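So you can see what is in the structure, the chains are spelled out below.
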Amino acid sequence: MNSRTERGFSLVELMVGMVLGLILIGGAVSIYLASKRSYVEVEQVAALTESARFAEQIIGDSLRHAGFFGGVSVGMIEASSSLTAVPSAQDCNDTGLTGGTDLASANNLGQFVFAGTVDSSNSALGCITGSGVEGGMEGTDVLVIKRVLTQPYTDGPRDSLDPNDPTQGDGTIDTPDSLDNNKTYVMTNNVKGLVFDGDSPPDISLGGEIPGGMAWEYNYEVYYIRDPDPTSTDDTPQLSRKTLKWNGTAMELQREDVAEGVENLRVLLGYSSNADGEVDTYKTPSQMAAADWVKVQSVEVFLLTRSATRDVQYTDVKQYQMPGTAIPVANDNYRRLISHASVSLRNLKLMARGGV
Amino acid sequence: MRMRMNRNRHQQRGVALVVALLFLLVVTVISVIAAGNSSLGLKMSDNLADSYSSFQSAEAGIIATLSLVDTANDPFDGSDTADPFSAFDPNEHPLSNLKDGAASVDTEVILDTAATTCPLEDASTASSAPLYDCEFYRISSEHEVPREARTQVEMGVLKKIVGIGAQ
């Protein structure tokens, strides 16, 4: 009896056991591999979506504030005589646009939304220039947005009944903070505005240049797509922007990276062609005539974003439609996402509206 | 002897149970991870939808406040108005059809500047005898659903009134 109970498996038992075991282990391994693959995919798609969403949120937020200059009509804003000019080699311009006059340049607040397209020498609007990391990616659009940040600086506590009353406050801008010498501001009261350098604020006392004015930090943003390493085909394109910064001797446009993986940016500019206030025409930047820019009421932003890393088990064979062009099939191992936002501008230069 | 065989059989049955439980555990862990993976995407799009609808709700507060112009409840009356919709019955509240209800949006009208000179469109339209004075208002609208989304939008409003200078 004893020997029989301890004799182990027969060959048949062993074989059956091994087959069953192998089936189970095979099943478990295949489930594991599938879940690992789906994890990679989910992670890539999530990162991709996040990048695109972030880029869209940043651009959308800027666009909604475009043309906000502290509540004063943009036609009443002048440049201070002491305002440091942005060197023309740095500044954006509208060269090539028949009838345009500095629509894109930093210190001309009048046209607060402008766009252009990067040409075959990686340049656009005169401010995105040069080969290498400084240039833009050919065929992508460049979007210029001018606005002030929504935090006003005042010369002390103001009576809510009339914050523009020049007899309140002490005449020195210090609330909530004093002005930064190296930034550009717009000083506004309810009647007029003045663009000035932080180190030479205008007189805001009664009878001064801008009586009872509040200062707002000026923000000039040029969004574009760049290739961080043009010699490599394996690097990730970036959505970058240029903003006005003080370099020690002058204001210049300096680069900031905004979102990784954004490969293409295209914009469509919408306006009302018959002045009834309803957007009925959408144009790409190159189709816009000089007289069209002032009418822009809405901007559609298209972004093509790709994942930061390759997935060798995936081949992108899709063709993406962007305004004015179809992006050729890439046939590579990057996942891509096309996203789109339509932003109606809150601050219009021309009000085409009847009634109240 | 019989006792011993019985005990053996009991032991073998126990091993089968443990093996089955182990497999169950492995399968459970795998499915929980898979579910977690797919719910990440769900959470992301859920948050995105929340933030979009929050923004639209806050905008709706602004539009609804503007719609009160020239009605009996006109909040642009030369003073601050903490709740422009306070006179409305909850069922007739202009925002009662919002997804999160009217209570999720907090609107306020603030008088920024009492009657004063109107701003000019540009310097060329300057005139020596202005017919109107202007009041500057600010509508602030905040939509908040705790732990979901919060949006605050503001809009400036200019009201032309028959000017003191013109009289």
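About the criteria used
Residue numbers run consecutively from 1 along every chain, following the written order of its sequence. Following the order in which they are written, the chains are lettered starting with A and the ligands numbered starting with 1. pLDDT decides what is reported in this predicted model: residues at 70 or higher carry local features, side-chain atom pairs at 80 or more are listed and counted, and totals for whole chains, interfaces and linings draw on all residues regardless. Values shown for side chains rest on all heavy atoms present in the structure; no hydrogens or waters enter the calculation. Segments assigned H or I by DSSP are reported as helices when at least four residues long, segments assigned E as strands when at least two residues long, and all are numbered from the N terminus. Throughout, the radius of gyration refers to the C-alpha atoms, and the reference size of a globule is 2.2 Å times the residue count to the power 0.38. Type-normalised accessible area, obtained with a 1.4 Å probe on protein chains alone, sets the label of each residue: buried when under 20%, exposed when over 50%, and partly exposed for intermediate values. Residue burial considers only the protein chains on display, and all accessible areas are found by Shrake-Rupley using a 1.4 Å probe. Positive residues here are Lys and Arg, negative ones are Asp and Glu, while His and the chain termini are left out of the count. Charge positions are represented by NZ for Lys, CZ for Arg, CG for Asp and CD for Glu. Any two strands with at least two DSSP bridges between them are considered paired. To obtain each axis, a line is fitted to C-alpha atoms, and for helices this fit is confined to the stretch in contact; angles are then taken between N-to-C directions over 0 to 180 degrees. Centre distance within 6.5 Å is the pairing criterion for rings of Phe, Tyr and Trp, where only the six-membered ring of Trp is used; planes under 30 degrees apart are then read as stacked, over 60 as edge-to-face, and the remainder as tilted. Summary of the metric used: pLDDT quantifies the predictor's per-residue confidence within the range 0 to 100. The definition used for a disulfide is geometric: two cysteine sulfur atoms within 2.5 Å.

Caption draft 1: Geometry of the overall build of chain A. On a plain count of helices and strands, chain A comes out with two helices and 14 strands. A compact globule built from 356 residues would reach a C-alpha radius of gyration of about 21 Å, whereas chain A, at 29 Å, exceeds it by more than 25%. Expressed as lengths along the three principal axes of its C-alpha atoms, the size of chain A is roughly 115 × 50 × 50 Å. The proportion of buried residues among the 356 residues of chain A is 46%. Accessible surface, chain A as shown: approximately 17,100 Å² in total, 53% of it carbon and sulfur. Put simply, chain A has 27 plus and 46 minus side-chain charges, and the middle of one group is 9 Å from the middle of the other.

Caption draft 2: Structural view of the sheet that holds strand β14 (residues 336-344) of chain A. Residues and elements named next belong to chain A. Reading across the sheet, the four strands line up as β10-β9-β11-β14 and stay open at both edges, with antiparallel pairing between neighbours. A strand with exactly one partner marks an edge of an open sheet, and here the two such strands are β10 (281-283) and β14. Direction aside, the axes of adjacent strands within the sheet are offset by 20° on average. Strand direction decides the pairing type here: strand β11 (residues 298-306) and β14, joined by nine bridges, are antiparallel. Across the sheet, residue Ser298 finds its bridge partner in β14, namely Ser344.

Caption draft 3: Quick peek at the sheet that holds strand β2 (residues 132-145) of chain B. All names here are of chain B. Sheet architecture is open: three strands sit in the order β1-β2-β3, paired in antiparallel fashion. Lying at the two open borders of the sheet, with one neighbouring strand each, are β1 (105-117) and β3 (149-162). Each strand of the sheet is rotated relative to its neighbour by a mean of 15°, with strand direction disregarded. In the sheet, β2 pairs with β3 via 14 bridges, with the strands oriented antiparallel. If you follow Cys134 over to β3, its bridge partner there is Lys160.

Caption draft 4: Looking closely at the pairing of β2(B). Residues and elements named next belong to chain B. Burial within β2 is extensive, with eleven of its 14 residues counted as buried. Pairing geometry for β1 and β2, over ten bridges, is antiparallel. Paired with Val109 across the bridge in β2 is Ile139.

Caption draft 5: Main features of the packing of aromatic side chains. As enumerated under the stated definition, the model contains seven aromatic pairs over all chains in all. With a centroid separation of 5.4 Å and 85° between ring planes, the pair formed by Phe68(A) and Trp216(A) is classed as edge-to-face. Of this pair, Phe68(A) sits in the loop between α2 (11-65) and β1 (77-79) while Trp216(A) sits in strand β6 (residues 214-226), and the two are 148 residues apart along the sequence. The exposure class of Trp216(A) is buried, given its relative accessible area of 9%. Ring centres of Phe76(B) and Tyr137(B) lie 5.1 Å apart, and the angle between their planes is 80°; on these two criteria the pair is classed as edge-to-face. Highlighted residues: Phe76(B) in the loop between α1 (2-66) and β1 and Tyr137(B) in strand β2, separated in sequence by 61 residues.

Caption draft 6: Seen up close, the confidence of the model for chain B. All names here are of chain B. Of all residues in chain B, 82% have pLDDT values of 70 or greater, and the mean over the chain is 81. Element-level mean pLDDT values for chain B span from 81 in α1 up to 88 in β2. For this predicted complex, the interface confidence score (ipTM) comes to 0.74, while the overall pTM stands at 0.84.

Caption draft 7: Structural detail: the state of the cysteines. Residue and element names in this part refer to chain A. In the structure shown here, the tally under the stated rule is one disulfide over all chains. Paired through a disulfide, Cys92 and Cys127 show a sulfur-sulfur distance of 1.8 Å. Its S-S torsion of approximately 85° makes the covalent link between Cys92 and Cys127 right-handed. Separated by 35 residues along the polypeptide, Cys92 in the loop between β1 and β2 (113-117) and Cys127 in the loop between β2 and β3 (141-153) bring together distant segments of the chain.

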